[in-house]
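# Secondary and tertiary structure notes
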Amino acid sequence: MTVPSPDYPNILVLTGAGISAESGIATFRGPGGLWEGHRVEDVCTPEALARDPALVHRFYDLRRAALSTVEPNAAHRALARLDAEWPGELLIVTQNVDDLHERAGATRLLHMHGELKSALCAACGARAEWADALPPGSVCGACGAPALRPDIVFFGEMPYDMDRIEAALSSCDLFVSIGTSGAVYPAAGFVQTARHWGAATLEINLEPSQGSFLFEESRMGPASVLVPEWVA
Ligand code: BJW
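What you see is a predicted model; the values in this text were computed from it and never measured.

Turning next to the nonpolar core. V13, L79, I178, V227 and W230 are the most contacted members of the largest nonpolar core, which has 24 residues in total. Among the elements of the structure, β1 (10-15), α5 (74-85), β2 (89-94), β7 (174-178), β8 (200-205) and α9 (223-231) are those that each provide at least two residues to this core. With five residues, the single largest contributor to this core is α9. In this view, I178 contacts V13, L14, T15, G16, I19, L79, I204, A223 and V227; residues no more than four positions away in its chain are not counted. Residues L110, F175, F190 and A194 belong to the second largest nonpolar core, which totals 19 residues.

Taken together, 36 residues are adjacent to the ligand, and Y60, R63, T180, S181 and Y185 come closest. One of the backbone N or O atoms of V153 is found 3.1 Å from a nitrogen atom in the ligand. With respect to the ligand, the backbone of G156 contributes an N or O atom lying 2.7 Å from an oxygen atom. For the ligand, the protein covers 77% of the area, taking 1500 Å² as the surface of the free molecule. Only α1 (18-21) and α4 (53-66) provide two or more residues apiece to the shell around the ligand. When residues of the shell around the ligand are assigned to domains, at least three map to each of domain 1 (1-24 + 72-113 + 159-232) and domain 2 (26-69 + 115-152).

A word on the sheet that holds strand β3 (residues 109-111). Here six strands make up an open sheet; going across it, the order is β3-β2-β1-β7-β8-β9 and the pairing parallel. Pairing within the sheet leaves two strands with one partner each, and these edge strands are β3 and β9 (217-220). Looking at each pair of strands side by side, their axes are set apart by 15 degrees on average, direction ignored. As paired strands, β1 and β7 are joined by five bridges and run parallel to one another. In the sheet register, T15 faces β7, and the bridge partner there is I178. Against the sheet, α5 contacts β1, β2 and β7, and its axis sits at roughly 150 degrees relative to β2.

A few words now on the pattern of salt bridges. Under the defined criterion, the tally for this structure stands at eight salt bridges. Linking R127 and D151 is a salt bridge whose minimum nitrogen-to-oxygen distance equals 2.6 Å. Highlighted residues: R127 in strand β5 (residues 127-129) and D151 in strand β6 (residues 148-152), separated in sequence by 24 residues. A salt bridge links R219 to E217, with the nearest nitrogen and oxygen atoms 2.7 Å apart. Neither residue differs from the other here; R219 and E217 are each classed as buried. Linked through salt bridges whose partners overlap, the residues forming this network are E71, D99, R103 and K117.

Turning to the pairing of β7, a few remarks are in order. Judged by how many residues are buried, β7 sits mostly within the fold: five of five residues are covered. Pairing of β7 with β8 involves five bridges; the strand directions are parallel. The partner of F175 across the bridge, within β8, is T201. Following the chain from β7 across helix α8 (residues 190-196) to the adjacent parallel β8, one finds a crossover that is right-handed.

Glancing now at the state of the cysteines. What we call a disulfide is simply a covalent bond connecting the sulfur atoms of a pair of cysteines. Using the criterion set out here, one finds zero disulfides in the structure. With no disulfide partner, C44 has as its closest neighbouring cysteine sulfur the one in C121, 20 Å distant. Given the relative accessible area of 5%, C44 is considered buried. The exposure class assigned to C121 is buried, which follows from its relative accessible area of 1%.

So, how was this worked out
- Residues numbered from 1 in each chain as written.
- Predicted model: local features only at pLDDT ≥ 70, side-chain atom pairs only at ≥ 80, totals over all residues.
- Heavy atoms only, no water.
- Core = buried A, V, L, I, M, F, W, Y, C linked by side-chain atoms within 4.5 Å.
- Buried < 20%, exposed > 50% of the residue type's maximum accessible area, 1.4 Å probe, protein only.
- Helix = DSSP H or I, 4+ residues; strand = E, 2+ residues; numbered from the N terminus.
- Contact = heavy atoms within 4.5 Å.
- Near = heavy atom within 4 Å.
- Polar contact = N/O pair within 3.5 Å; in protein donor to acceptor, adjacent residues only side chain to side chain.
- Areas by Shrake-Rupley, 256 points an atom, 1.4 Å probe, with all protein chains shown as cover.
- Domains from an automatic or database assignment.
- Pairing = 2+ DSSP bridges.
- Axes fitted to C-alpha atoms, helices over the stretch in contact; angles between N-to-C directions.
- Salt bridge = Lys/Arg side-chain N within 4 Å of Asp/Glu carboxyl O.
- Right-handed = clockwise from strand over helix to strand, strands pointing away.
- Disulfide = S-S within 2.5 Å.

Right, dumping it as structure tokens:
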């Protein structure tokens, strides 16, 4: 059984939109996953930002504003408890751009697809906290270029912290994937990398994901129930 145990001192947890669904944040590919009729694959690209910056900024402005209306759920809190109490190695890699893991108290955390509350200078790559008053294309503080954009990893861009993630995948004893459809790479391939290096693998998801067959064990159901059960 792939429970947190001394048999698995080094744990890597990957989370996706499903862990925040019960907090009221819509997933990307389920019902309600379209935004004003757009597929995420059409809106979240550098080309879409260049073509229609107002559309892309409105998408992220609305989602950023919505953060103040949602709270971490029992799944975020269970992972934060694991983070606080686990004596071994632990890394939580989230694909989510919300801040619910950290608001629940998690600290051993990487946001591989960026953060809604962060701004990125498209000219020099500097990152800073997003100030709500900033209009699209505002001057970037570090280099002065008129190029501020949401600090979000768009399709075709390199996710953050891949070196650290690859290192963690190669050394973990247990890889746990929670609430992700397995539709987006490189995260969808992490289970194969972890298995290659000998890790046990567990998936927790509402329904079978695209990569379910790759996991040693799959538990199907709501994250708010199954994650606290797993951490218990
Ligand atoms: C619950 C639940 C509950 C619901 N409890 N569960 C062709 C083949 C292969 C790859 C490619 C290809 N063409 C292009 C690519 C690469 C591309 C890609 O993967 N495209 C696919 C569409 C095919 N990837 C990229 O471009 C990435 N960069 C890249 O590859 O760089 C090159 C590289 C090379 C080598 C190494 C490393 C890099 C960048 C991807 C950027 C993704 N960005 C987004 C948007 C930004 C964030 C935002 O705006 O919010 O990130 S897309 C969107 O999808 C978002 C998510 O993080 C990501 C994953 O979605 P997620 O989290 O899985 O959500 P859903 O909705 O898909 O699934 C939710 C699941 O939860 C479902 O299964 C539900 O059942 C479940 N669920 N309620 C438990 N209560």
